[in-house]
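Descriptive structure summary
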Amino acid sequence: MRSAFHSQAPRYPEDWTDFPAGEQIKQAITQVCDDYTQRIFGYHFVKLGSLSAQIPLKQSPIRNIISQVPLSTMHLEHDEVSESANNSGERTESVDSSTSPKVVGQSHQLPFSENSIDGFLLANELDFAQDPHEILREVDRVITQSGYVIISGFNPLSLAGIAKYLPVKRDNKLHDARFFTSYRIKDWLQLLGFEIVEQRQIMFSTLFFEQRWDYAKNIQQYLSTYFPWCSAVYVILARKRVMPMTAIRPKLQLKRQFSPVGAASARTRTSSYNKTKS
């Protein structure tokens, strides 16, 4: 098994349009996240990474949703917003900035205090991380004791995993994805004390080409029923579990009981022995 640490950082995607079927992947992940986030309650939710920041969480009961993205992505979105405002003849302030990032930083260095975040979304963030262990350790540091984590990733045991090694669209950033198996991600989470709540398999395609078939939905439904292991994308919902620490009571020590009867019989035997000896 290859090491999770990569000597060279992969090319980081700044938008879902960096993938040929990026918009379809985004819609499929959004549908699953809408269901998962309805179970997550609390005060703070963080969408980690540029891809996660573009996933709308309209069904989440948590209103304080923070997007943390790299600095390059912030400049890109700022330029796009300014350009759209200038083309429309409106002021920049009138543009909806609900999807704009609020926190700029690296995923392996979270600017949050310990035990402060109730939920995380990592939409394929680990697939483009140089050290995914470092990111998960940071998530484990700042998440609450019953917090949730939603992680999506590319499945290497799929057509997309095979197409990654083929000379097809080599300039696409999808070739740089790490493609970790869901079993490996779940193993990392369990080592950090997370409980796997649910996993869903979505997107049965190569991901390097857009689906243009009218009957693609029927094929997707058939494969999800009979061949769920070969899906191109998986989404995992995990919950942090912290076992309460209880004080260990000391073992009861029985006090020695003095037996006067035994002591008297011992003195009697000693005195009788002395008499016979004399």
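Now for a description of the structure that goes with this document. (Residues numbered from 1 in each chain as written. Predicted model: local features only at pLDDT ≥ 70, side-chain atom pairs only at ≥ 80, totals over all residues. Heavy atoms only, no water.)

What follows is about the pattern of salt bridges. Side-chain pairing between opposite charges can occur once the charged atoms of the two side chains come close. Overall, the coordinates contain nine salt bridges when judged by the stated rule. Across the pair K240 and D140 runs a salt bridge whose closest N-O atoms are separated by 2.5 Å. In this pair, K240 sits in strand β7 (residues 233–240) while D140 sits in helix α4 (residues 132–142), placing the two residues 100 residues apart along the sequence. Overall, the relative accessible area of 22% leaves D140 in the partly exposed class. (Salt bridge = Lys/Arg side-chain N within 4 Å of Asp/Glu carboxyl O. Helix = DSSP H or I, 4+ residues; strand = E, 2+ residues; numbered from the N terminus. Buried < 20%, exposed > 50% of the residue type's maximum accessible area, 1.4 Å probe, protein only.)

This part covers the nonpolar core. In terms of nonpolar packing, the biggest core is built from 34 residues, with F154, L207 and V233 touching the most fellow members. At the level of elements, α1 (22–36), β4 (117–123), β5 (143–154), α5 (159–163) and β7 are the ones that each hand at least two residues to this core. Setting aside chain neighbours within four positions, we find L207 in contact with P20, A21, I25, F154, A160, L174, A232 and V233. The next biggest cluster of nonpolar side chains, apart from the first, holds 27 residues, and it includes L110, I117, F120 and I151. (Core = buried A, V, L, I, M, F, W, Y, C linked by side-chain atoms within 4.5 Å. Contact = heavy atoms within 4.5 Å.)

Where α4 is concerned, the buried positions are P132, I135, L136, E138, V139 and V142. Down the axis, α4 shows its buried residues gathered within 155° of arc, on one side only. The secondary structure elements touched by the buried residues of α4 are β1 (44–48), β4, β5 and α6 (182–191). (Arc of directions from axis to C-beta.)

Attention now moves to the sheet that holds strand β3 (residues 103–104). One open sheet holds the seven strands; their spatial order is β3-β2-β1-β4-β5-β7-β6, and the pairing between them is mixed. Every interior strand has two partners, whereas the edge strands, β3 and β6 (194–202), have only one. The pairing of β5 with β7 spans seven bridges and is antiparallel. Following the sheet pairing, S152 is matched in β7 by V235. The strands touched by α1 are β4, β5, β6 and β7; relative to β6, the strand with the most contacts, the crossing angle is about 140°. (Pairing = 2+ DSSP bridges. Axes fitted to C-alpha atoms, helices over the stretch in contact; angles between N-to-C directions.)

This part takes up the packing of aromatic side chains. Applying the stated criterion to the full structure yields six aromatic pairs. Ring centres of F19 and F154 lie 6.0 Å apart, and the angle between their planes is 85°; this geometry places the pair in the edge-to-face category. Of this pair, F19 sits in the segment before α1 while F154 is found in strand β5, placing the two residues 135 residues apart along the sequence. Residue classification places F154 among the buried positions, given a relative accessible area of 0%. Between F128 and F154, the ring centres sit 6.5 Å apart and the planes meet at 85°, which makes this aromatic pair edge-to-face. Here the residue F128 occupies a position in the loop between β4 and α4, and F154 occupies one in strand β5, the gap between them amounting to 26 residues. Chaining the aromatic ring pairs together yields one cluster made of W16, F19, F128, F154 and F179. Taking the ring centre of Y165 as reference, the NZ or CZ of K164 above it sits at 5.6 Å. Over the face of the ring belonging to F194 we find K240, whose NZ or CZ atom lies 5.1 Å from the ring centre. (Phe/Tyr/Trp six-rings, centres within 6.5 Å; stacked < 30°, edge-to-face > 60°. Lys NZ or Arg CZ within 6 Å of the ring centre and 35° of its normal.)

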